[in-house]
Amino acid sequence: MNSREILFLAIGLQTLVILIVLFSYRSKKIRVNRYLGFFFMTICVEIFMFFVLNKTANPALYYLPIRFDFLTLTFLYFYATETTGIKIKSKFKYYIPAVIEVIILTFAFIAVSKDPNYHDFLKRHGFDLYFRIFSSLYIVTLSILIIRIIHRHQRLLNIHFSNTKFKSLQWLTVFCIGCIIINILRHIYHTFNIKTEFVSIIYCGLSLFSLYYLTIASLIQININNVIPSKINVEEEHKELERIIKQVKQYLLENKAYLNPNINLKNFSKNIGIPERDVSKAINRMGNKNFSNYINYYRVEEFKRLLTSEEYKKYSISAIADEVGFSSRASFYKNFKEIEGVSPSVYMKN
């Protein structure tokens, strides 16, 4: 077994493992991850065919309709669009190049199986050259489209997620750039006929390293929620958040829950009967605040109301702050100035 075969065997085994993981692991992103699974499935088949072609002299096998030059990257494209919340109405049209590839290879396979001399005929008439050019154009085009989609995903990520750690798809951008470079090198490799063992190992090593990088990145993100909601889902989510924030506000005002100095998100969510995550998201999206700031806003409003009350005219600032739920003078002054823009004493003078 030569160096190139060892490289292919190593990445083939790793690809098989990640393929099994993607299809067997019940993650929250199972619908999105299946496209990565199909991508690695086509890679596994192509690596298997590499060993078959190296060990047999039958030229017909070269035309077996399972080369996937026009299909493999299509699955990555679907993975990127699904993750970015882009809904494709008719996915079938993206499979048309792969269908044409299968039809052409099928006819070539049948022809060469019946007459092996037909293999030489196809080589003389540039079958490999045209196939390589069109497949490279397709791969480069899809790679550019994927990079543009990932740029959109990156922009939307900060809008839909407060914590974006490990959620970025920049690893896919790196892989797509690698695909573009590899396809350029592929044509240089064949056009100038520099088919030495060293160059072959470098070319294959670069290709396999890119694939290795993708398998590791896929495994890291297998269960990380970084899917951007589609436009329809965003509208539905917005309505749901409006309903939650209305319920939160109503409960706060009716029960004056903000007066409790020990109030926290966990207890508040339990009392109102809404999960913590949903309460936090509604306050963050609809009120542009975190839970603590949201509660302090109502405390400050209550403080301002009590200032005009006859009952509290003899109370000091600290005493009123204590009445509205602030646990310390420092906390009150800090939050009051952040909300009103001036200190409590200046506000009272004005």
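Our subject in this report is the structure included herewith.

1. Description of the packing of aromatic side chains
Right, so step 1: Going through the model one piece at a time under the given rule, you end up with 29 aromatic pairs.
Right, so step 2: Between F303 and F332, the aromatic rings sit 4.7 Å apart at their centres with planes inclined by 50°, giving tilted as the arrangement. Here F332 lies in helix α14 (residues 329-340) and F303 lies in helix α12 (residues 291-307), a separation of 29 residues in the sequence.
Right, so step 3: Residue F303 is classed as buried on the basis of its relative accessible area of 0%.
Right, so step 4: An aromatic cluster is built from F23, Y35, F38, F75, Y77, F78, Y94 and Y95, whose rings are joined through pairwise contacts.
Right, so step 5: The ring of Y35 has R34 sitting right over it, with the charged end atom 5.4 Å from the ring centre.
Right, so step 6: The lysine or arginine in question, K289, covers the ring of Y297, its NZ or CZ lying 5.2 Å from the ring centre.

2. Some details on the pattern of salt bridges
Right, so step 1: Applying the stated criterion to the full structure yields nine salt bridges.
Right, so step 2: The salt bridge involving R31 is made with E82; its shortest N-O contact spans 3.3 Å. One end of the pair, R31, is in helix α2 (residues 30-55); the other, E82, is in helix α3 (residues 72-83), with 51 residues separating them in the sequence.
Right, so step 3: E82 serves as the salt-bridge partner of K91, at 2.9 Å between the closest nitrogen and oxygen. The residues K91 and E82 share a single accessibility class, namely buried.
Right, so step 4: Salt bridges sharing partners connect three or more residues here, namely R31, E82 and K91.

3. Quick notes on α12
Right, so step 1: With 17 residues, α12 extends 25 Å between its outermost C-alpha atoms, agreeing within 8% with the 24 Å of an ideal straight helix rising 1.5 Å per residue.
Right, so step 2: Burial in α12 covers these residues: F291, Y294, I295, N296, Y298, R299, V300, E302, F303, K304 and L306.
Right, so step 3: Of the residues flanking the start of α12, the one acting as N-cap is N290, its side-chain oxygen 3.2 Å from the backbone nitrogen of S292.

4. Notes on the side chain of S343
Right, so step 1: Along the polypeptide, S343 turns up in the loop between α14 and α15 (344-349).
Right, so step 2: Engagement of the side chain of S343 in a polar contact is seen with the side chain of S345, the distance being 3.2 Å.
Right, so step 3: With sequence-adjacent residues up to four places away left out, S343 is seen in contact with F336 and K337.

5. Overview of the packing of α12 against α14
Right, so step 1: One can describe the packing of α12 onto α14 by two numbers: an axis separation of 10 Å at closest approach and a directional angle of 90°. By the criterion of interaxial angle, the relationship of α12 to α14 is roughly perpendicular. Between α12 and α14, the contacting residues are N293, N296, Y297, V300, E301, F303 and K304 on the first element and F332, N335, F336, I339 and E340 on the second.
Right, so step 2: Considering only residue class, the contact of α12 with α14 consists of six nonpolar, three polar and three charged.

About the criteria used
- Residues numbered from 1 in each chain as written.
- Predicted model: local features only at pLDDT ≥ 70, side-chain atom pairs only at ≥ 80, totals over all residues.
- Heavy atoms only, no water.
- Phe/Tyr/Trp six-rings, centres within 6.5 Å; stacked < 30°, edge-to-face > 60°.
- Helix = DSSP H or I, 4+ residues; strand = E, 2+ residues; numbered from the N terminus.
- Buried < 20%, exposed > 50% of the residue type's maximum accessible area, 1.4 Å probe, protein only.
- Lys NZ or Arg CZ within 6 Å of the ring centre and 35° of its normal.
- Salt bridge = Lys/Arg side-chain N within 4 Å of Asp/Glu carboxyl O.
- Expected span 1.5 Å × (residues − 1).
- Polar contact = N/O pair within 3.5 Å; in protein donor to acceptor, adjacent residues only side chain to side chain.
- Contact = heavy atoms within 4.5 Å.
- Axes fitted to C-alpha atoms, helices over the stretch in contact; angles between N-to-C directions.
- Parallel < 35°, antiparallel > 145°, perpendicular 65-115°, else oblique.
- Nonpolar A, V, L, I, M, F, W, Y, C, P; charged D, E, K, R; others polar.

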